[in-house]
Amino acid sequence: MTAAQRWRPTAPLANLRRRAQIVGAIRAYFAAQGVLEVETPQIGSATVSDPHLNSLYVAGYGYLQTSPEYAMKRLLAAGSGSIYQLARVFRADEHGRRHQPEFTLLEWYRLGYSLERLIDEVGSIARLALGDLPSERQRYRDLFQRYLGLDPLRCELSALRSAAEHLDLAFDDADRDTWLELLMSAVIEPQLGRNVLSFVVDYPPSQAALARLRRDADGELVAARFELYFAGVELANGYHELADADEQRARFATDLQTRAALGLPAVALDGDFLAALSAGLPDCSGVALGLDRLIMLAVGAQSLAEVMAFAVPWGELDASA
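For clarity, every value in this text was computed on a predicted model and none was experimentally measured.

Scoring rules and cut-offs
- Residues numbered from 1 in each chain as written.
- Predicted model: local features only at pLDDT ≥ 70, side-chain atom pairs only at ≥ 80, totals over all residues.
- Heavy atoms only, no water.
- Helix = DSSP H or I, 4+ residues; strand = E, 2+ residues; numbered from the N terminus.
- Rg over C-alpha atoms; globule rule 2.2 N^0.38 Å.
- Buried < 20%, exposed > 50% of the residue type's maximum accessible area, 1.4 Å probe, protein only.
- Contact = heavy atoms within 4.5 Å.
- Areas by Shrake-Rupley, 256 points an atom, 1.4 Å probe, with all protein chains shown as cover.
- Lys, Arg positive; Asp, Glu negative; His and termini not counted.
- Charge placed at Lys NZ, Arg CZ, Asp CG, Glu CD.
- Pairing = 2+ DSSP bridges.

Visitor: Summarise the overall build of the protein; cite the residues concerned and give the values.
Guide: When you go through the protein residue by residue, the secondary structure sums to 10 helices and 12 strands. Here the C-alpha atoms of the protein give a radius of gyration of 19 Å, agreeing with the 20 Å that 2.2 N^0.38 yields for 321 residues. In terms of principal-axis extent, the alpha carbons of the protein reach across some 55 × 50 × 45 Å. Counting the 321 residues in the protein, one finds 50% classified as buried. Intrachain contacts of the protein at a sequence separation of at least 6 include 68% that bridge at least 24 residues. By element, 50% of the accessible surface of the protein is carried by carbon and sulfur atoms, the whole surface being about 14700 Å². A gap of 5 Å separates the mean positions of the 31 positive and 42 negative side-chain charges of the protein.

Visitor: Describe helix α9 (residues 291-299), naming the residues involved and giving the relevant values.
Guide: Counting buried positions along α9 yields 7 of 9 residues, so the element is predominantly enclosed. Considered for burial, the residues of α9 that qualify are Leu291, Asp292, Arg293, Leu294, Ile295, Met296 and Leu297. Remark: Gly300 follows α9 within two positions and exhibits a positive phi of approximately 75°.

Visitor: So what about the side chain of Asn15? Which residues, and what values?
Guide: Secondary-structure assignment places Asn15 in helix α1 (residues 13-33). In contact with Asn15, other than residues within four places in its own chain, are Val299, Glu306 and Val307.

Visitor: Describe in detail the pairing of strand β11 (residues 233-240), supporting the description with residues and values.
Guide: Of all 8 residues that make up β11, 6 are buried, and the element is covered over most of its length. Looking at chain direction, strand β10 (residues 221-230) and β11 are connected through 6 bridges and run antiparallel. From the neighbouring strand, Leu228 faces β11, where its bridge partner is Ala236. Linkage of β10 to β11, two consecutive antiparallel strands, is achieved through a turn of 2 residues, within which Ala231 is found at a positive phi near 55°. The pairing of β11 with strand β12 (residues 284-290) spans 5 bridges and is classified as antiparallel. For Asn237, the partnering residue across the bridge sits in β12 and is Ala288.

Right under this line is the structure:
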């Protein structure tokens, strides 16, 4: 695109019209279900502690939010009932065909829903865009054993490093979860969701984040968490939400220790969110779904830029992600 053409949208108008149709169908679905649409601030004084997410800081104002999760859970604790949001979110250092520093998350929380019931609903939402597709559920542990011959719950760090040798990755100081995530994205993810909505369940407990822990069919402690993949693309991440404020505070403290060990900047924790958990989060399951990725797959596009009116240019041009 020449300088004289840079004013033009990055997405064809036909794709933007399809995007509007999908958004309309999603809103109609939740309206029929009696789920309240909400809006929460895009900027706040605190941000996520996750070492794998980099927040954008606006001097004098605070952090652009990487997710509406904390604010939405404050609403849940205040008695909102089941809620959803089409949220503009921001993440630094994310660019490529499937990444943009500003994008849209469809995030929702269902009171009284088990993780299994939420998975069924995520499938229904995905089909609004992708059509009538079958679904499958596979355990994280089974996938690692099938494609890498490793037990991700028990194998040594050295085994993970050895499995990644052929990937030519320079992460000598990476922790165990970083190696697991690298192997998942490089080896396993491309195999998932071939003409099927593929739900991966029962993640390692160290990757629980804001999810509860539970026992799997083998009696192993795992995270009550799932991810959805289609055509090798990660679309959604869901939890049976952790409601224990003390446990969440301890996990945040571990995140901060990890950030310090990796040389990442310290971040301010969201005290209002922790206070909401202490006041009482109702039993619920929640999920965040990448709306732009869903629409990209629905229209057969190769990049997010093709379904966003004005994508950041290098997000369109960098084909490495």
